[in-house]
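What follows is each chain in one-letter form.
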Amino acid sequence: MVHTFFLNGYYLALDVNSGAVHMLDEETYDILNALLPGPIPAECGENVVAALSGKYPEEDIHEIYGELYQLQQNGQLFSEDDYERFTELMKGAPIKSMCLHISHDCNLRCKYCFASTGDFGTGRMLMPVETGKKAIDFLLTHSGNRHNLELDFFGGEPLMNWGAVEEIVKYARSKEAEYHKLFRFTVTTNGVLLNDENIAFINKEMKNVVLSLDGRKKVNDNLRVTINGGGSYDIIVPKFQKLVEQRRNGPFTEYYARGTFTKYNLDFTEDIYHIDALGFDQLSVEPVIADPSEPYALTEEDLPVIFEQYEKLAKEMVRRKKEGNCFNFFHFMIDLDQGPCAIKRLRGCGCGNEYVAVTPDGDIYPCHQFVGKEEWKMGNLDTGELNAEIKDKFACSNVYTKQGCRDCWAKFYCSGGCNANNYEQNGDINIPTKLSCEIERKRVECAIMIKAATAENA
């Protein structure tokens, strides 16, 4: 399978199965398109020559045809898909990552919140320290021979239960030597309760931190509001700036300023530029996934504008990268040299298999977005049991089981999309959402173009 596209003056071809990316001239691009869907026969057919002879010299057509055929022989065009043989390898995998719902409460009332403004529809509560310790023990027990363990403090708003966070981190660190493990902590926060004390702790202990900010003040304060309905921008931005500035000098430097764009800010590139101008150069601005009946929901009618915005962003990033002053944008960060391992290409995140979420009362779910959906409850810390049937279902969900993915050129970059979004929108983890698929394909094209454009000038 080969995907060709033209963007920002570049003629590009992706060989889907090998991952090879080719920068082409217009003539080669046209000839390759005439050969799709492939594969290329050893001899150039008269139909190919006839189709292009009015535009290019016949001698050139035959020469370029031979070069394309050689790329095919070298496994860089129309290569075979041999990944399906790896699909069963994740059954029985250890659990290496956990989302700890330290708080099912929040001090904001974001209107698009998938977690029902923080309580996940199950009532407002905070996780007791003892439950957090049981979660650490569970992860240690089920992590097999995995040395590095990931744990994300999540909510609601985790800082509303900050004392428990500190105690759980301390407990986990006390177990590392005994179990020969290393914990890598992350915290996701809306920033309202940040202060000098917890900023210092975060920058000392958290390998990554996710800072929720939607962009321009008007955009952010339209949907990310306090309990009394006021905006949050002026409260959180100075605190985020302080955290990031101090973080640059600490043991961990990773962070993301993470926003959400909706129908209200389809010009979301302006929010990305604004966040960058505030001093945050690690960015992720995600499309909202919502019921189409919601006034802020994105729909397929918005796709042309969304595509235009991603292309605008990609072109600006190329310009800035060439000048040496660009930010990182999460959805454009792909590795064309090594790329993710075969397993990650096939099934993406470890949701429900290598990764689980734990609620304040100790219930275990496939991930944070499944919490509150009782049909997906996998177990509870008090019993220590884990539903093997659900775990295997997620382990075996991949681009060959998901509807439409097998024949999609972007399958090894999106890995079938988000299981939770698939279920929320279509009632089945194996039925991707068309809107999300279209957006992801455009992002991958933009990311490949950026890589090609900047490699050309390296």
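What this report covers is the structure whose coordinates are included nearby. (Residues numbered from 1 in each chain as written. Predicted model: local features only at pLDDT ≥ 70, side-chain atom pairs only at ≥ 80, totals over all residues. Heavy atoms only, no water.)

### Topic: the packing of aromatic side chains
The tally for this structure, following the rule as stated, stands at 18 aromatic pairs. Seen from their ring centres, Trp162 and Phe201 are 5.5 Å apart, and the 90° between their planes marks the pair as edge-to-face. Of this pair, Trp162 sits in helix 5 (residues 162–179) while Phe201 is found in helix 6 (residues 196–205), placing the two residues 39 residues apart along the sequence. Just as Trp162 is buried, Phe201 falls in that class too. With a centroid separation of 5.7 Å and an interplanar angle of 5°, the aromatic rings of Phe183 and Phe185 are classed as stacked. In this structure Phe185 comes out as buried when scored by relative accessible area, which is 0%. What links up through ring pairs into an aromatic cluster is the set Phe261, Phe268, Tyr310, Phe329 and Phe332. The residue whose ring lies beneath Lys442 is Phe307, and the NZ or CZ to ring-centre distance is 5.5 Å. (Phe/Tyr/Trp six-rings, centres within 6.5 Å; stacked < 30°, edge-to-face > 60°. Helix = DSSP H or I, 4+ residues; strand = E, 2+ residues; numbered from the N terminus. Buried < 20%, exposed > 50% of the residue type's maximum accessible area, 1.4 Å probe, protein only. Lys NZ or Arg CZ within 6 Å of the ring centre and 35° of its normal.)

### What to know about the pairing of strand 4 (residues 97–101)
With five of five residues buried, strand 4 is to be regarded as a mostly interior element. Sheet topology places strand 4 next to strand 7 (residues 148–154); five bridges connect them, and they run parallel. By the bridge assignment, His101 is partnered in strand 7 with Phe154. (Pairing = 2+ DSSP bridges.)

### With respect to the sheet that holds strand 1 (residues 2–7)
Here we have three strands laid out as an open sheet, ordered 1-2-3, and antiparallel in their pairing. Every interior strand has two partners, whereas the edge strands, strand 1 and strand 3 (21–24), have only one. For this sheet, the mean angle separating the axes of adjacent strands, direction not counted, is 25°. Sheet topology places strand 2 (residues 10–15) next to strand 3; four bridges connect them, and they run antiparallel. (Axes fitted to C-alpha atoms, helices over the stretch in contact; angles between N-to-C directions.)

### Points about helix 4 (residues 129–142)
With 14 residues, helix 4 ought to run about 20 Å at 1.5 Å a step, and its terminal C-alpha atoms sit 20 Å apart, in line with that. Listing the buried residues of helix 4 in full gives Thr131, Gly132, Ala135, Ile136, Phe138, Leu139 and Leu140. Tucked inside the fold, the buried residues of helix 4 contact strand 4, strand 7, helix 5, strand 8 (182–189), strand 13 (355–358) and strand 14 (363–365). (Expected span 1.5 Å × (residues − 1). Contact = heavy atoms within 4.5 Å.)

### Points about the environment of Cys367
Residue placement: Cys367 occurs in the loop between strand 14 and strand 15 (379–380). We classify Cys367 as buried; its relative accessible area is 5%. Taking the C-alpha atoms as reference points, Cys367 and Ser212, separated by 155 residues in sequence, lie 19 Å from one another. Those residues in contact with Cys367 that sit more than four places away from it in its chain are Cys351, Tyr355, Ala357 and Ala420.

### Considerations on a negative patch on the surface
Taken together, the side chains of Asp25, Glu59, Glu63 and Glu67 make up a negatively charged region of the molecular surface. By secondary structure assignment, the location of Glu59 is in helix 3 (residues 58–73). (Patch = residues over 30% accessible without salt bridge, like charges linked within 9 Å, V, L, I, M, F, W, Y side chains within 5 Å. Areas by Shrake-Rupley, 256 points an atom, 1.4 Å probe, with all protein chains shown as cover. Salt bridge = Lys/Arg side-chain N within 4 Å of Asp/Glu carboxyl O. Lys, Arg positive; Asp, Glu negative; His and termini not counted. Charge placed at Lys NZ, Arg CZ, Asp CG, Glu CD.)

### Here we look at the pairing of strand 9 (residues 206–212)
Within strand 9, six of the seven residues are buried, which leaves the element mostly enclosed by the surrounding structure. Here strand 8 runs beside strand 9; their pairing, made up of five bridges, is parallel. Within strand 9, the position partnered with Val187 by the bridge is Val209. Note: strand 9 against strand 10 (residues 256–261), three bridges, orientation parallel. In the strand pairing of strand 10, Leu211 is matched with Ala257.

### Examining the environment of Ile95
Counting through the fold element by element, Ile95 comes out in the loop between helix 3 and strand 4. Assessed through its relative accessible area of 1%, Ile95 is described here as buried. Along the sequence, Ile95 and Gly352 sit 257 residues apart, while their C-alpha atoms lie 9.0 Å from each other. Apart from the residues lying within four places of it in its own chain, the contact partners of Ile95 are Phe138, Leu139, His142, Ser143, Leu149, Asn353, Glu354, Val356, Leu386 and Lys391.

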